[in-house]
Amino acid sequence: QVQLVESGGGLVQPGGSLRLSCAASGFTFSSSPMNWGRQAPGKGRELVATITNTGGNTYYADSIKGRFTISRDNAKNTVYLEMNSLKPEDTAVYYCAAVWRGLHYWGQGTQVTVSS
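Residues numbered from 1 in each chain as written. Predicted model: local features only at pLDDT ≥ 70, side-chain atom pairs only at ≥ 80, totals over all residues. Heavy atoms only, no water.

Undergrad: I would appreciate a short explanation of unusual backbone geometry in the present structure.
TA: Glycine aside, negative phi is the norm for most residues, and most peptide bonds take the trans geometry. The backbone phi angle of asparagine 77 is positive, close to 50 degrees, even though this residue is not glycine. For asparagine 77, a relative accessible area of 27% gives the class partly exposed. Positive phi outside glycine occurs at arginine 101, with the angle close to 50 degrees. Tracing the sequence through the fold places arginine 101 in the loop between β9 (92-100) and β10 (103-106). (Buried < 20%, exposed > 50% of the residue type's maximum accessible area, 1.4 Å probe, protein only. Helix = DSSP H or I, 4+ residues; strand = E, 2+ residues; numbered from the N terminus.)

Undergrad: Even after reading the chapter, I still don't get the nonpolar core, so can you show me in this structure?
TA: As a rule of thumb, soluble globular proteins bury nonpolar side chains together. Counting 31 residues, the largest nonpolar core has Leu4, Phe27, Trp36, Val79, Leu81 and Met83 as the members making the most contacts within it. For this core, the leading source of residues is β9, giving five residues. (Core = buried A, V, L, I, M, F, W, Y, C linked by side-chain atoms within 4.5 Å.)

Undergrad: Help me understand the packing of aromatic side chains in this model?
TA: Applying the stated rule across the entire model yields three aromatic pairs. Ring geometry for phenylalanine 27 and phenylalanine 29: centres 6.3 Å apart, planes at 55 degrees, overall tilted. Judged by its relative accessible area of 10%, phenylalanine 27 falls in the buried class. Residue classification places phenylalanine 29 among the buried positions, given a relative accessible area of 2%. (Phe/Tyr/Trp six-rings, centres within 6.5 Å; stacked < 30°, edge-to-face > 60°.)

Next comes the structure, spelled out in structure tokens:
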């Protein structure tokens, strides 16, 4: 079955950096676009970044454009989210997501807290 396991979250000061990882299994990773989303307290889930299956194209939400970078390693079945210049409003649970055979899958999420 499809499994997505995020890691790398934590507490960071404003202006700091974190790198999130998502290990995928149970589907053909190299054939699937991958996504990162987040859900802040009291808000709905927001898609923040997408990468095509080859990594040749990426999409970013305006809220994180220029600060976050999505990448992938198809040999390791892993997608990453490099987050720089973090702001308190980036505080959220971050999820990776995949669409496989018409179904949407989400990981369990990793908490990112930006606070001094």
